[in-house]
Amino acid sequence: DALFSLSLWDRLELGLDIPIALISGQAGSAIVNVGAPADFSMGDILFSAKGVIIDHERDGFGLAMDFGVTLPTGKDDSFVAEKNATFVPKVIAELNFDDYRVALNAGYRLRENSTLGFLKMEDELLLGVATSIPVYERNLFAIGEFQSATDSEDFYGERNTRYMEGDAALRY
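A word on the overall build of the protein
- The number of helices and strands found in the protein is one helix and 13 strands.
- If you list the helices and strands of the protein from N to C, you get β-β-β-α-β-β-β-β-β-β-β-β-β-β.
- When the 172 residues of the protein are sorted by exposure, 27% land in the buried category.
- Residue pairs at least 24 apart in sequence account for 46% of intrachain contacts in the protein once pairs closer than 6 positions are excluded.
- Accessible surface, the protein as shown: approximately 11,000 Å² in total, 60% of it carbon and sulfur.

Structure, rendered in structure tokens:
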């Protein structure tokens with residue numbers, strides 16, 4: 001992805017996300033019984049505005065809202081785009097204490113219902129948690145993230161209507 005952001009007045013951040021996908025093979029197309037995707041594709045562009053509600057300064061509790069809108073700029077036959085615009089509001093809570101951080105977010109992806117093969121795409125609940133822990137002299141941090149999405153009407157029901165991803169990293 002190509003990401004751009006602009007921070008204004010320490011309380012507002014405007015963002016732009018241009019997803020770029022490199023696709024190899026036809027595994028996804030075989031699963032949903034559609035044509036082969038392109039080798040390179042741009043997904044739907046996301047515009048976002050994040051505003052601070054409660055500023056935690058250095059330590060303490062913080063709260064923010066994030067409003068995202070995607071525009072159908074990608075090729076939907078490449079599995080990286082929606083047929084219509086989506087709206088994604090999120091609430092983000094963060095707790096900081098002496099360089100230890102934990103953040104929780106909850107959101108809702110509002111989209112027009114569609115199907116691709118046997119895959120249903122409807123409104124989704126979005127959940128996430130992240131943490132950052134100092135490892136060495138406040139210069140090296142271990143970071144962990146977990147993101148999940150599920151159909152808003154079938155909470156973690158059918159396997160093809162939920163998504164989970166975990167990431168870990170070190171930051172210096």
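Quick notes on the packing of aromatic side chains
- This model, assessed by the stated rule, comprises one aromatic pair.
- Ring geometry for F67 against F87: centres 6.4 Å apart, planes inclined by 15°, an arrangement best described as stacked. Residue F67 is located in strand β6 (residues 60–71), and its partner F87 is located in strand β7 (residues 86–97); the two are separated by 20 residues in the primary sequence.
- Relative accessible area serves as the criterion here: at 39%, F67 is assigned to the partly exposed category.
- Judged by its relative accessible area of 34%, F87 falls in the partly exposed class.

Topic: the environment of S132
- Looking at the secondary structure, you find S132 in strand β11 (residues 124–136).
- Take S132: its relative accessible area is 7%, and that puts it in the buried class.
- Through-space distance from the C-alpha of S132 to that of R101 is 5.1 Å; in sequence the pair is 31 residues apart.
- When neighbours within four sequence positions are excluded, S132 is seen to be in contact with D99, Y100, R101, F141, A142, I143 and R171.

Concerning a nonpolar patch on the surface
- A surface patch of nonpolar side chains, amounting to about 790 Å² of accessible area, comprises I53, I54, F61, L95, V102, L104, V129, F146 and M164.
- Taken together, the elements giving at least two residues each to the nonpolar patch come down to β5 (45–54) and β8 (100–109).
- Judged by its relative accessible area of 43%, F61 is partly exposed.

Reading guide: rules and limits
- Residues numbered from 1 in each chain as written.
- Predicted model: local features only at pLDDT ≥ 70, side-chain atom pairs only at ≥ 80, totals over all residues.
- Heavy atoms only, no water.
- Helix = DSSP H or I, 4+ residues; strand = E, 2+ residues; numbered from the N terminus.
- Buried < 20%, exposed > 50% of the residue type's maximum accessible area, 1.4 Å probe, protein only.
- Contact = heavy atoms within 4.5 Å.
- Areas by Shrake-Rupley, 256 points an atom, 1.4 Å probe, with all protein chains shown as cover.
- Phe/Tyr/Trp six-rings, centres within 6.5 Å; stacked < 30°, edge-to-face > 60°.
- Patch = residues over 30% accessible without salt bridge, like charges linked within 9 Å, V, L, I, M, F, W, Y side chains within 5 Å.
- Salt bridge = Lys/Arg side-chain N within 4 Å of Asp/Glu carboxyl O.

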